[in-house]
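# Inside the fold
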Protein chains: 2
Amino acid sequence: KNLASKLVLEPARTARSLAQEDPRRIIHSIKVGLAIALVSLIYYFDPLYEGFGVSAMWAVMTVVVVFEFSVGATLGRCVNRGIGTFIGGALGVAAHRLASCFGSEIVEPIVLAASIFIFAATGTFARFFPKWKARCDYGLLIFILTFCLISVSGYRDDEVIDIALTRLSTVMIGGSAALAICILLFPVWAGEDLHHLVADNIEKLGDFLEGFGDEYFKTLEDGNVNFAKWEFRHGKFRFRHPWGEYQKIGGLIRECAFRLDSLNGYLKSEVQAPQEIREIFQESCQTMSSESSHALKNMARAIRTMTSSYVAVAKSHIAIAKSAADNLKSLLKTNSWQQTDLLQIIPVITVASLLIEVVSSTVKIADSVHQLAS
Amino acid sequence: KNLASKLVLEPARTARSLAQEDPRRIIHSIKVGLAIALVSLIYYFDPLYEGFGVSAMWAVMTVVVVFEFSVGATLGRCVNRGIGTFIGGALGVAAHRLASCFGSEIVEPIVLAASIFIFAATGTFARFFPKWKARCDYGLLIFILTFCLISVSGYRDDEVIDIALTRLSTVMIGGSAALAICILLFPVWAGEDLHHLVADNIEKLGDFLEGFGDEYFKTLEDGNVNFAKWEFRHGKFRFRHPWGEYQKIGGLIRECAFRLDSLNGYLKSEVQAPQEIREIFQESCQTMSSESSHALKNMARAIRTMTSSYVAVAKSHIAIAKSAADNLKSLLKTNSWQQTDLLQIIPVITVASLLIEVVSSTVKIADSVHQLAS
């Protein structure tokens, strides 16, 4: 009974929550199934099969390996696979030509194995380059793969160019089928996800400041930014949208979140200042937190609707928050504190100075948001 | 001239620094080249080639795709690829048998395409399961791939079982060759890297506290922990080493690093307390920071050498740091502060309370380290 619940009930429950969390996951799965089934039809129709033979397999393989959740990720893999296959195939043909010049049955395999060793080792080392790793790690893998396959095949079959061309064309067919279905049927844009994620996180900062409740941030992965860069113009995003800016805002949001977290820690801690001291600070602190909250929420709205007028509204809220911070600083400078117990006043002052830091975080976020909302 | 420097000099410089940073990268590249060249020999020797034919290609492909930097990562991919190929192949044969029962040339492709659609869509959805994504994402991909290839091949070639078995055996040959070279020639253990990374990061916390210098942490990636779990007993690591504990310590180190970072911010900020006030706090603060530093360094040593006696030394340092923290707290409770300007005293008190938090971070790290060093 316990086993049945572990093998059937638990996965079913996880599946349902995964689907409810993001219904696009189900659509994606159907799209992948459709694309693979479609491309496998090449195998069933005689006229198509005669053109490619067993190599038609490569088209199916390409779809399976290349189809990713977002358009950007799929496009990136398609381009990587296409270029990797092309360069690897071309160099493989060249290596085969070079090796067959020697004619001897002993020298030829040695030359081939040596060239495979050199290209595989160089290609593998190139994958460590940070720039390449981010952009074309998969392409380098496919390059090594195709180079080895073509140069080795040439040893048994002299029609290397035919093999290379069939491979390239089947990869192109599989890749374009995957891309077409990915883009035409309910496309998922990595850039749009990134855009909304940033807006949601800024809004959550605002909610937190408003209610000092618990916050939970979805992490902003650098991968998303790379995928978004692959995506061409779509929806409200122009061609050269500043995708790098999202990474910067992501960092600022995290900084602000850490400050809010320590704020939360102090508010929850047992050492609480007496009522009369808190009352003195209350007005400035409330103004700072509510105005920062309004500013953050307007920035989230500015990003969502891509209208810069909300940024102006946010900036007017920030101005009020800033003047409250200045008030607080001058309040601290007066000498009316000499008769109070230091240990009692510290928590309140800490909260106040954390709020001053939150205001300055908000100012930094506003500067970055300005660029995304225009 | 500029182009030449961009295309030749810059990559050469990056390559040199990558190799100097971690010479194992060069060794890894050579190992990959060697493994691929070795497996491609199957193609050149007639007796070996006759057994597999063109399918010998799959062995080469497997090596390229499966060979990773660390033993754990390679092992994980090998097991994934092996099991994925086995299950996918078996179900592919079953699907082919089912489809050929119908006998009709119209029904057979429809049944095959439908089964491909169902398995590909289900497999793709299964990749979203968090548990599976971490452990067998690649295996699911290979399962979909093999299922499609085998069931589709069966339509043109009735020897499906032969195809499936050849595929499985070539994958096994490629996988074992990759594994053998990965483990036998200068192996890189993900677990060992993780272990040293954690020790280094703890040591850096200690250095930072000692000198309040700049710190730079290499990030601890969750991936490493997953790779380490694949690795069998090696060196000083017993079979069920608590790899999950590293993730926990990683979180604690980050927490402590944030606190040190704010500490650094306060020490660099322009608002500085007058000398006479600082002197009062100095002794307790210095004790807390130097004792925490000693404690952290001893913990790093405990992890590196895996001897728990260093943990005991660390704990005695922590005890001293704790009593210094208590001294400081009672110092704050006295009423000798009433005649001082509040704004001047706040930075010093903030530094002191951050140091108290650092001490409590150190205590938490010590509890976790105890488990790893025994």
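Whatever comes next refers back to the structure up there.
Owing to the predicted nature of the structure, the values given are computational and were not obtained by experimental measurement.

The helix and strand tally for chain A stands at 14 helices and zero strands. For chain A, the N- to C-terminal ordering of α and β elements is α-α-α-α-α-α-α-α-α-α-α-α-α-α. Taking all 374 residues of chain A together, 49% fall into the buried category. Across chain A, the fraction of contacts at a sequence separation of at least 24, relative to all contacts at a separation of at least 6, is 78%.

Our focus in this paragraph is the relation of the copies chain A and chain B. Relative to chain B, chain A is turned by 180° and slid 0.0 Å along the rotation axis, the superposed coordinates differing by an RMSD of 0.1 Å. Interpreted geometrically, this transformation is the action of a two-fold axis. Most of the interface of chain A is mirrored in chain B, where 100% of its interface residues again form contacts.

One frequent convention defines the size of an interface as the accessible area lost when the parts assemble. Each side of the interface is counted separately: chain A has 67 residues, and chain B has 67 residues. For the pair chain A and chain B, the two sides together bury roughly 5900 Å², of which 78% comes from carbon and sulfur. Linking chain A with chain B are zero salt bridges, by the criterion used here. The tally of links from chain A across to chain B stands at two residue pairs in polar contact (both at pLDDT 80 or more). Here the element with the most residues in the side of chain A that touches chain B is helix 2 (residues 24–44) of chain A; it accounts for 13 residues. Taken together, the residues of the side of chain A that touches chain B sort by class into 48 nonpolar, twelve polar and seven charged.

What follows concerns the packing of helix 6 (residues 107–126) of chain B against helix 7 (residues 130–156) of chain B. In a pair of packed helices, the angle between the axes and the distance between the axes together describe the arrangement. Residue and element names in this part refer to chain B. At their nearest, the axes of helix 6 and helix 7 sit 9 Å apart, and the two run at 175° to each other. Accordingly, the angle class assigned to the pair helix 6 and helix 7 is roughly antiparallel. Residue-level inspection shows Glu108, Pro109, Leu112, Ser115, Ile116, Phe119, Ala120, Gly123, Thr124 and Ala126 of helix 6 in contact with helix 7, the latter providing Trp132, Leu140, Phe143, Ile144, Phe147, Cys148, Ser151, Val152 and Tyr155. Within the contact of helix 6 with helix 7, the residues separate by chemical class into 14 nonpolar, four polar and one charged.

With 31 residues, helix 5 (residues 71–101) of chain B extends 45 Å from end C-alpha to end C-alpha; this agrees with the ideal 45 Å at 1.5 Å per step. Downstream of helix 5 of chain B by one or two residues, B:Gly103 has phi in the positive range, about 70°.

On to the state of the cysteines. Applying the stated criterion to the full structure yields zero disulfides over all chains. The structure places no disulfide on A:Cys148, whose sulfur is separated from the nearest cysteine sulfur, that of B:Cys78, by 17 Å. Overall, the relative accessible area of 1% leaves A:Cys148 in the buried class. There is no disulfide at A:Cys182, and the cysteine sulfur nearest it, in A:Cys78, is 8.2 Å away.

Counting 94 residues, the largest nonpolar core has A:Ile36 and B:Ile36 as its most contacted members. Excluding residues within four positions of it along the chain, B:Ile36 makes contact with A:Ile116, A:Ala120, A:Ile144, A:Cys148, B:Val60, B:Val63 and B:Val64.

This part takes up the packing of helix 7 of chain B against helix 8 (residues 160–184) of chain B. All names here are of chain B. Two numbers describe how helix 7 lies on helix 8: the axes approach to 9 Å, and their chain directions differ by 150°. By the angle between their axes, helix 7 is roughly antiparallel relative to helix 8. Viewed along their axes, helix 7 and helix 8 form a crossing whose handedness is right-handed. For the pair helix 7 and helix 8, the contacting residues are Leu145, Thr146, Leu149, Ile150, Ser153 and Gly154 in the first and Val160, Ile163, Ala164 and Arg167 in the second. When the residues that make up the contact of helix 7 with helix 8 are grouped by side-chain class, the tally is six nonpolar, three polar and one charged.

Moving on, we get to the environment of B:Gly206. All names here are of chain B. By the secondary structure assignment, glycine 206 is in helix 9 (residues 190–211). Expressed as a C-alpha distance, the spacing of glycine 206 and leucine 296, which sit 90 residues apart in the sequence, is 5.2 Å. When residues no more than four places from it in sequence are discounted, the contact partners of glycine 206 are Ser293, Leu296 and Lys297.

Our next topic: the packing of aromatic side chains. Taken as a whole, this structure holds 15 aromatic pairs over all chains when the rule is applied. Relative to A:Phe129, the ring of A:Phe125 has its centre 6.2 Å away and its plane inclined at 85°; by these criteria the two rings are edge-to-face. The buried category is assigned to A:Phe125, whose relative accessible area is 14%. Judged by its relative accessible area of 12%, A:Phe129 is buried. Across from the ring centre of A:Trp58, 4.0 Å away, lies the NZ or CZ of A:Arg167, which sits over that ring. Just above the ring of B:Tyr138 sits the side chain of B:Arg77; from NZ or CZ to the centre is 3.9 Å.

This part is about the pattern of salt bridges. Residues and elements named next belong to chain A. The final tally for this structure, using the stated rule, is 18 salt bridges over all chains. A salt bridge links arginine 127 to aspartate 137; its shortest N-O distance comes to 3.0 Å. In this pair, arginine 127 sits in the loop between helix 6 (107–126) and helix 7 (130–156) while aspartate 137 sits in helix 7, placing the two residues ten residues apart along the sequence. Its relative accessible area of 21% is what places aspartate 137 among the partly exposed residues. Connected through shared salt-bridge partners, Asp22, Arg24 and Asp193 make up one network.

Next up on the list: a nonpolar patch on the surface. Together, A:Val79, A:Ile83, A:Phe86, A:Ile87 and A:Leu91 give the surface a local cluster of nonpolar side chains, amounting to about 410 Å² of exposed area. Within the secondary structure, A:Ile83 is located in helix 5 (residues 71–101).

Our focus in this paragraph is the side chain of B:Lys297. All names here are of chain B. Relative to the helices and strands, lysine 297 is located in helix 12 (residues 275–305). Only 3.0 Å separates the side chain of lysine 297 from the side chain of aspartate 207, close enough to count as a polar contact. Setting aside anything within four residues of it in sequence, one finds lysine 297 in contact with Glu203, Gly206, Asp207 and Glu210.

Within the secondary structure, B:Pro109 is located in helix 6. Sequence separation between B:Pro109 and B:Asn2 is 107 residues, and the spatial gap between their C-alpha atoms is 58 Å.

Quick notes on the rules
- Chains are numbered independently. Their residues run from 1 in the order of the written sequence.
- Numbering of ligands from 1 and lettering of chains from A proceed in the order in which they are written.
- Predicted model: local features are reported for residues with pLDDT of at least 70 only, side-chain atom pairs are reported and counted for 80 or more only, and whole-chain, interface and lining totals are derived from all residues.
- For the side-chain quantities, the full set of heavy atoms in the structure was used; hydrogens and water were omitted.
- Each helix is a run of H or I in the DSSP string that is no shorter than four residues. Each strand is a run of E no shorter than two, and both are numbered from the N terminus.
- Note on classification: 1.4 Å probe, protein chains only; a residue is buried when its accessible area is under 20% of the maximum for its type, exposed when over 50%, partly exposed between these limits.
- Here, residues are in contact when the closest pair of their heavy atoms is within 4.5 Å.
- Each copy is superposed on the other by least squares, with the fit set by C-alpha atoms of residues at a pLDDT of at least 70 in both.
- Buried area: the accessible surface (1.4 Å probe) lost by two parts on joining, summed over both.
- What counts as a salt bridge is simple: a side-chain nitrogen of Lys or Arg found within 4 Å of a carboxyl oxygen of Asp or Glu.
- Pairs of N or O atoms within 3.5 Å make up the polar contacts considered here, provided that, within protein, one atom can donate a hydrogen while the other can accept it, and that residues adjacent in sequence are counted only when both atoms are side-chain atoms.
- Under the convention adopted here, Pro, Cys and the residues Ala, Val, Leu, Ile, Met, Phe, Trp and Tyr are nonpolar, Asp, Glu, Lys and Arg are charged, and Gly plus all remaining residues are polar.
- Axes, fitted as lines to C-alpha atoms, cover a helix only where it is in contact. Angles between the N-to-C directions of the axes lie from 0 to 180 degrees.
- Comment on the angle field: the value is read as roughly parallel under 35 degrees, roughly antiparallel over 145, roughly perpendicular from 65 to 115, and oblique elsewhere.
- What a helix should span is 1.5 Å times the count of its residues minus one.
- Criterion for a disulfide: a pair of cysteine sulfur atoms at a distance within 2.5 Å.
- Throughout this description, the term nonpolar core refers to a set of buried Ala, Val, Leu, Ile, Met, Phe, Trp, Tyr and Cys residues connected via side-chain atoms within 4.5 Å.
- Two helices cross in a left-handed way if the nearer one is turned anticlockwise from the farther one by less than a right angle. They cross in a right-handed way if the turn is clockwise.
- Each pair of aromatic rings taken from Phe, Tyr and Trp, with Trp reduced to its six-membered ring, is defined by centres within 6.5 Å and is described as stacked if the planes are under 30 degrees apart, edge-to-face if over 60, and tilted in the remaining cases.
- Sitting over a ring, as applied to charges here, requires NZ of Lys or CZ of Arg to be within 6 Å of the ring centre and within 35 degrees of the ring normal.
- Patch definition: residues above 30% relative accessible area lacking any salt bridge, with like charges linked at up to 9 Å and the nonpolar side chains Val, Leu, Ile, Met, Phe, Trp and Tyr linked at up to 5 Å.
- Here the accessible surface of atoms and residues is derived via Shrake-Rupley with a 1.4 Å probe, and residues count as covered only by protein chains that are part of the display.

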